[in-house]
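Examining the three-dimensional arrangement
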Amino acid sequence: MIHWKPLLDALEAGDEPTVRSLSDAMHPADAAAFFGSLDDRDRHRIAGFMSAQALDLVATFLEPSEAADLFHGVPHARLADTLNGLPDDILVDILQELEPELREDYFLLLSDAKRALAAKLLSFPEESAGGRMTTAMATVREDMTIRQAIDELGAKKEETEVLARIFVVDEEGHILGKVRLRDLTFNPRSMLVRDIMDDERLAINAHADQEEAVAMMRKYNLIALPVVSDHGRLLGVITHDDAMDIQTEESTEDIERMSAIGGTRDDEGYLRSSVAAHLRRRFFWILGLAFIGILSGIVLYNFE
């Protein structure tokens, strides 16, 4: 059981050092649950107290719309550090939730490299494989020695989300196969990567639907699924945690659609849909049910 009272008391008293220390000490998943229990005012207040590093971690456990709302309470000076510290796929998911004007403001807070990367990912449809991939992947070339490959991976370890699977590419970035970290670790440093790699080239096109990506990962039991361009160049990967998120979203969407409470793909969900949108989706169903109810009443009345 998580006790949030000390944090709530510190927040009510405006004790920024205590709020920051307590919130930073919480597991990000617990902090995300805590934010969900607050109203907008308190959520924005505590976000204004937290460090950029803590906000980055918490954002990975929030829905993109919730993270976008949370960031409204972060001062711009700290927001720049927060946005630039986010994984690229999380950043793009949050940017997609923003109004165009606010999205432009957030873009201005990004570094040049992060801005270019975000723009590239935003160019793919939101529910495509390209729209859900991350570029934080590990790659080596087939003509490298194991020593060169390990040195290159070591230099990029902080930027890489998945090291369990390392993808082998040629000089133009075409995917040739993959190699495991343990194979690099337990083989002579003078061996070439091509001598220990496998030539599995399972990948999905960046414009394919995200459900197709999840189906492939489930079928082939993949930790990470490479995403490639029309020309076979490796663009990014969809990781297993992203696949779980996609599956949850699709299942929720299907249930909401069957229950007539879900919005269209352009809507933001049941609670954020307008009354008019709800009325449009339900009017004919309600009218039909009312007509059936009247018929049932007439039949029951005649057989009393």
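Right above here is the structure, for reference.
In short, a report on the structure. (Residues numbered from 1 in each chain as written. Predicted model: local features only at pLDDT ≥ 70, side-chain atom pairs only at ≥ 80, totals over all residues. Heavy atoms only, no water.)

The next point concerns the pairing of strand 6 (residues 234–239). A large share of strand 6 lies buried, amounting to six of its six residues. Note that strand 5 (residues 224–228) and strand 6 share five bridges and pair antiparallel. Bridge assignment links L225 to a residue of strand 6, and that residue is I238. Hairpin connection between strand 5 and strand 6: a loop of five residues separates the two successive antiparallel strands, and G232 in this loop has a positive phi of roughly 85°. (Buried < 20%, exposed > 50% of the residue type's maximum accessible area, 1.4 Å probe, protein only. Helix = DSSP H or I, 4+ residues; strand = E, 2+ residues; numbered from the N terminus. Pairing = 2+ DSSP bridges.)

Turning our eyes to something else, we now look at the pattern of salt bridges. One pass over the full model with this rule turns up 12 salt bridges. One salt bridge connects D42 with R45, and the closest N-O pair in it is separated by 3.4 Å. Of the two residues, D42 and R45 both sit in helix 4 (residues 40–49), three residues apart, roughly one turn of that helix. The exposure class of R45 is partly exposed, given its relative accessible area of 22%. For E152, the salt bridge identified is with K156, shortest N-O distance 3.5 Å. Several salt bridges converge on common partners, so that one network encompasses D40, R43 and D69. (Salt bridge = Lys/Arg side-chain N within 4 Å of Asp/Glu carboxyl O.)

Glancing now at the sheet that holds strand 3 (residues 175–180). Pairing between sheet strands relies on hydrogen bonds along the backbone, with the strands arranged either parallel or antiparallel. Pairing is mixed across the open sheet formed by three strands, whose spatial order is 1-2-3. A strand with exactly one partner marks an edge of an open sheet, and here the two such strands are strand 1 (137–141) and strand 3. The mean angle between the axes of side-by-side strands here comes to 35°, regardless of whether they run parallel or antiparallel. Sheet analysis places strand 1 next to strand 2 (residues 162–169), joined by four bridges and oriented parallel. From the neighbouring strand, T139 faces strand 2, where its bridge partner is F167. Its contacts with the sheet put helix 12 (residues 146–155) on strand 1 and strand 2, and the angle it makes with strand 1 is roughly 155°. (Axes fitted to C-alpha atoms, helices over the stretch in contact; angles between N-to-C directions. Contact = heavy atoms within 4.5 Å.)

On to the nonpolar core. Of all hydrophobic cores here, the largest spans 57 residues; its most connected members are F35, I46, F71 and L83. Beyond its immediate sequence surroundings of up to four residues, F35 is in contact with R43, I46, M50, V58, L62 and L70. Counting 14 residues, the second largest nonpolar core, distinct from the first, contains M144, L176, V179 and I196. (Core = buried A, V, L, I, M, F, W, Y, C linked by side-chain atoms within 4.5 Å.)

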